[in-house]
4 protein chains.
Amino acid sequence: MKLNESAAGVYSIAVTPFQPDGRLDMPSVDRMTDFYVGCGATGLTILGILGEAPKLSEEESLAVTRAVAKRAGVPVIVGVSAPGFASMRSLARGAMDLGAAGVMIAPPPQLRTDDQIVAYYAQAVEAIGDDIPFVIQDYPLTLTVIMTPKVIRQIVQNHPSCVMLKHEDWPGLEKISAMRGFEQDGSMKRISILTGNGALFLDFEMERGADGAMTGYAFPEMLVDVVRLAKAGERDKAHDVFDAHLPLVRYEQQPGVGLAARKYVLQKRGAIASDAQRKPSSSLSKAAKAEIDYLLERLARHDPRARI
Amino acid sequence: MKLNESAAGVYSIAVTPFQPDGRLDMPSVDRMTDFYVGCGATGLTILGILGEAPKLSEEESLAVTRAVAKRAGVPVIVGVSAPGFASMRSLARGAMDLGAAGVMIAPPPQLRTDDQIVAYYAQAVEAIGDDIPFVIQDYPLTLTVIMTPKVIRQIVQNHPSCVMLKHEDWPGLEKISAMRGFEQDGSMKRISILTGNGALFLDFEMERGADGAMTGYAFPEMLVDVVRLAKAGERDKAHDVFDAHLPLVRYEQQPGVGLAARKYVLQKRGAIASDAQRKPSSSLSKAAKAEIDYLLERLARHDPRARI
Amino acid sequence: MKLNESAAGVYSIAVTPFQPDGRLDMPSVDRMTDFYVGCGATGLTILGILGEAPKLSEEESLAVTRAVAKRAGVPVIVGVSAPGFASMRSLARGAMDLGAAGVMIAPPPQLRTDDQIVAYYAQAVEAIGDDIPFVIQDYPLTLTVIMTPKVIRQIVQNHPSCVMLKHEDWPGLEKISAMRGFEQDGSMKRISILTGNGALFLDFEMERGADGAMTGYAFPEMLVDVVRLAKAGERDKAHDVFDAHLPLVRYEQQPGVGLAARKYVLQKRGAIASDAQRKPSSSLSKAAKAEIDYLLERLARHDPRARI
Amino acid sequence: MKLNESAAGVYSIAVTPFQPDGRLDMPSVDRMTDFYVGCGATGLTILGILGEAPKLSEEESLAVTRAVAKRAGVPVIVGVSAPGFASMRSLARGAMDLGAAGVMIAPPPQLRTDDQIVAYYAQAVEAIGDDIPFVIQDYPLTLTVIMTPKVIRQIVQNHPSCVMLKHEDWPGLEKISAMRGFEQDGSMKRISILTGNGALFLDFEMERGADGAMTGYAFPEMLVDVVRLAKAGERDKAHDVFDAHLPLVRYEQQPGVGLAARKYVLQKRGAIASDAQRKPSSSLSKAAKAEIDYLLERLARHDPRARI
């Protein structure tokens, strides 16, 4: 079941569950996989930035991949961004052997010019092989690499194995319109576009042509609802659901502390046993936890699933 | 009426009104001043990043300062960040002579170490003179300079004329708590803290100890309400007002396109005659305008002031 | 006498002479102009990075331009990089009115993608007018903007008034070859290429096709010699002269402290009255001054002009 | 034989030899080890930036370490900079088990404030264990992290296992003086300072108090000579040797292309079988190779060891 350009719906970006002492928590990996799928996720993305991927050894990365791919029953995308192509290849091929549907590749921060970015993806494809479907991660805020729509188009056109854009430029609405425009004018083949940025703009992203969301919001049910309602043309209802969650969406989207917030909510919801991060870790102050609790309370008035 | 550490409430960050051909629109400067003050602003901040300050000549900057300071009837803070101290001094002293209450200084992007930042503010104070009250602008997302709470404290302690922090670190809630903690443990004198970031976290910023908001949201009435309710201890009501505006707050807070969105709303509300920016300018697509119109419609159901 | 694509030889990047108290030292501006021309400079470039340009008010910038343009008798290029186009236009047109031969424009640090860079130069040309010959400054180490040869070619082709590249990419030898290759394959019109980087690679830059040097080395005589010998095909002699100066060239090319080193040498040589910089300034330790003195002594064994 | 603060002389930064198809060239690893030691190196540093470390798998990194540590007969320092502490610990402990004398740790590029840098080294020491001697790599030009002398002092004082500074700030002479000043005023324990930056300032670095060089210049004999002469107080002779090599030192120090230049010279000198780099690789144009050949020819007039 390889990833292709028809992918749609909600691909939850999964956290990596750790025990308080920093060891992997494999039972929670299973529990979390069930949780995301139970929320209606049509796919899972593991070992991304949210998944604390650089803190894992390759062996651990493959262990997590094996567990999730075996259990999920939905396509699993594996983040394989690495400082060198030897590691990237090894992880990518290992992950596909274990049942992954595709891989995600982020550009390294030193890339600046259009040509450098295009060349990097060519080298990455050469390294992992052109038989592995891959996702471009376009996340300038964190990765500091700016890809114009034209550059993304060129990568897509150069590589048949490029099937998806994880869109999280900010601002990014016009970029979705631009990419879809390339498809309409025939200058680019169809790709799947799933959006990130913590879902902060999912309401309008769907209206601009996204196929769904790929992000780590701790209430994937909302993402599922918004994607479904938007596709059904129920605009107001989609926005109603979205707006009810927006205060928490915004809170979770904070850089750094966002991961701590998400693990805190996921633990409260029973999806993982501990909100521990492997070091170096961020953590929530008592005040921050109380703020999240308050947001959940308020959310529960509109969405009973937030009643914990 | 010089700015001091008791400043509180809402200091609206003002746009700079231009005519479609790029010339200053001085009648709109007056109209806009009246608009902000009419919304309940307790102060105005002009010639900041939102105010397209680097696009103005010094003469134009002083013309805008003269007009606003004369008309506003509330304290006016003038952004004086400049590539060199000669320009900074000239603008700062000129602005104070025209009736400004204080100036705001952002750190230039090349600053990296703690010592460099502290030294820069010392040089700036030497340049403008220690008799001009100034505001530190702490906005790492755009300015790329990261100031720890300890560094801010050192600047505050070094300079009696430092009376306010424009707080827009992101995430930033813990920073407010840290600064107020310094006041409580006696290691830092009291300063005013007004928060920016488009008000995306104003609800909790007030609860953490902010004195108010200094940002450019095009419905300053909401900021005024939230600050007032928060100070009155009406937590739920403050959040209710805030949450109703959050979808638009979020839309306006997008880098780059945010200014275009704000000028579009301000024009619709009659505060300025044209939403034109001086070049290089960002602009709204037809789709983006329709999205804002839709957000205003939805907002109007909760807040009739959005009925335009 | 407007700058055009046939410009060649040595354009000295001039410092700006200040008095110890920070005021402009206009008599030294004259003396320095005579010094550079006396060394054989075929042109002068003022108000660049080395010239502490952002520390000057516009009025001061024009005063320096007036003095140099009147006295030099060789073409004068004026740096007009500014945070906004209003200032850039005002300075550029003012400088041309005072007799400048052309202007130099550096890209602002926030530019990242190819399209952004090309668009910026289009806006700059629109601002200053297409009748003013201009120089692209390509200096990624300091400016953090990376322009590929293709991007430079596009700017050159878009704008007939673009007549010169100040080349200081690092490494940069292949870039000269690439640009000259574009001329040979007919895809780009002829431009003048003068090289910077403190002359650290002037020996080979000439062999790759540069027309000369545009840099601030405090012994312009060496630059003149190397350019002349290289053009005459005296390869070994060119390298001999160059190598004798390389220890000092390298010392002067250090970021930050390089300006202090140059002003120190220029003062020793009698070209300016004081090595003072306007604040914020760098300065030389006693040890650094002794190192420069030692380098001058050693240089004097090979080049009697260094005997001071 | 663990590294300690008395380390001195020349630690050659070793390249990693590859076969033209990208596989490790283990026979060349041996040959190269002999070469460096034969040139008089008192130590070796492997798997640094020059060693293309991120392109190797951990298994390969340990294979290279094993080979070099077994053969060298001098202390071997291993670069263990990694995107996560799990990998860093695994590589560091593996390397020490194989006979390494210590490890080198570079700060990751996202670090900005003083506190972040100090905290990072504390976490790194916690990860690898406080029984492994380590070297701080201070290389802002490439790593983009700026450490003030005070920050380095704090790391040194916090961690007894910190025994050396690989100094390659630029400009950096005052930094050596500052660090030695801390030792003299008793505020910092003695550390070894070896300097990098391609040796571009080795002549004066020795005079400022460095204990030697740690860099990859392809004629380690020159580094050995300069260090020896400087320590013997033979100032003029040290500079004479240095100056003769400076044209090539400068050529090799170019970012990116520098590695290609060094491998080219090392291959010519018989130290490695091929100048191949693992992808993504830089390469030398025909013109660049001719330039290096010419520099070697010229160098051979002063230093017969360059006659190849």
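The sections below set out a description of the structure shown in this document. (Residues numbered from 1 in each chain as written. Chains lettered and ligands numbered in written order. Predicted model: local features only at pLDDT ≥ 70, side-chain atom pairs only at ≥ 80, totals over all residues. Heavy atoms only, no water.)

Section: the interface of chain D and chain C
No. 1: Residue-level contacts link 33 residues of chain D with 33 residues of chain C.
No. 2: For the pairing of chain D and chain C, the buried interface totals around 3,000 Å² over both sides, and the portion due to carbon and sulfur atoms is 59%.
No. 3: For chain D, the biggest contributors to the area lost against chain C are Trp170, Arg250 and Tyr294 of chain D; these three give 22% of the whole.
No. 4: Put simply, chain D and chain C have 8 salt bridges between them.
No. 5: Its salt-bridge partner being Asp203 of chain C, residue Arg250 of chain D comes within 2.9 Å of it at the nearest N-O pair.
No. 6: Summed over the shared surface of chain D and chain C, the number is 14 residue pairs in polar contact (both at pLDDT 80 or more).
No. 7: Elements supplying a minimum of two residues to the side of chain D that touches chain C: helix H7 (173–184), helix H8 (202–208), helix H10 (235–252) and helix H12 (286–302) of chain D.
No. 8: Looking at the side of chain D that touches chain C element by element, the count peaks at 10 residues for H10 of chain D. (Contact = heavy atoms within 4.5 Å. Buried area = accessible area lost by both parts, 1.4 Å probe. Salt bridge = Lys/Arg side-chain N within 4 Å of Asp/Glu carboxyl O. Polar contact = N/O pair within 3.5 Å; in protein donor to acceptor, adjacent residues only side chain to side chain. Helix = DSSP H or I, 4+ residues; strand = E, 2+ residues; numbered from the N terminus.)

Description of the relation of the copies chain B and chain A
No. 1: Expressed as a screw transformation, the operator carrying chain B onto chain A has a rotation angle of 180° and an axial translation of 0.0 Å, and the superposed copies differ by an RMSD of 0.0 Å. In short, the pair behaves as if placed about a two-fold rotation axis. If distances are taken from each C-alpha of chain B to the rotation axis, the shortest is found for Leu246 of chain B, at 3.7 Å.
No. 2: Looking at the interface residues of chain B, 100% of them are also at the interface in chain A, so both copies use one shared face. (Least-squares fit on C-alpha atoms with pLDDT ≥ 70 in both.)

Digging into the environment of Ser90 of chain B
All names here are of chain B.
No. 1: On the secondary structure map, Ser90 appears in helix H3 (residues 85–97).
No. 2: Here Ser90 falls in the partly exposed class, since its relative accessible area comes to 31%.
No. 3: Along the primary structure Ser90 and Ala127 are separated by 37 residues, whereas in three dimensions their C-alpha atoms are 9.1 Å apart. (Buried < 20%, exposed > 50% of the residue type's maximum accessible area, 1.4 Å probe, protein only.)

Considering the side chain of Arg262 of chain A
Residue and element names in this part refer to chain A.
No. 1: Checked against the element boundaries, Arg262 lands in helix H11 (residues 257–268).
No. 2: By relative accessible area, Arg262 is classed as buried at 7%.
No. 3: A polar contact of 3.3 Å, which involves the side chain of Arg262, links it to the backbone oxygen of Gly216.
No. 4: For Arg262, the residues in contact, after removing those within four places along its chain, are Leu50, Gly198, Thr215, Gly216, Tyr217, Ala218, Glu252 and Gln253.

Comments concerning the relation of the copies chain D and chain C
No. 1: Between chain D and chain C, which share one sequence, the superposing operator has a rotation angle of 180° and an axial displacement of 0.0 Å; the RMSD is 0.0 Å.
No. 2: Interface overlap between copies: 100% of the residues of chain D at the interface are likewise at the interface in chain C, consistent with a symmetric, same-surface contact.

Describing the packing of helix H12 (residues 286–302) of chain C against H10 of chain D
No. 1: One way to put it is that H12 of chain C packs onto H10 of chain D with a least axis distance of 12 Å and a crossing angle of 70°. The angle between H12 of chain C and H10 of chain D places the two elements in the roughly perpendicular class. In terms of crossing hand, the pair formed by H12 of chain C and H10 of chain D is right-handed. Contacts between H12 of chain C and H10 of chain D pair Tyr294, Arg298 and Arg301 of chain C from the former with Arg235, Asp236, His239, Asp240 and Asp243 of chain D from the latter.
No. 2: Of the residues assigned to the contact of H12 of chain C with H10 of chain D, the class counts are 1 nonpolar, 1 polar and 6 charged. (Axes fitted to C-alpha atoms, helices over the stretch in contact; angles between N-to-C directions. Parallel < 35°, antiparallel > 145°, perpendicular 65-115°, else oblique. Left-handed = near helix turned anticlockwise from the far one by under 90°. Nonpolar A, V, L, I, M, F, W, Y, C, P; charged D, E, K, R; others polar.)

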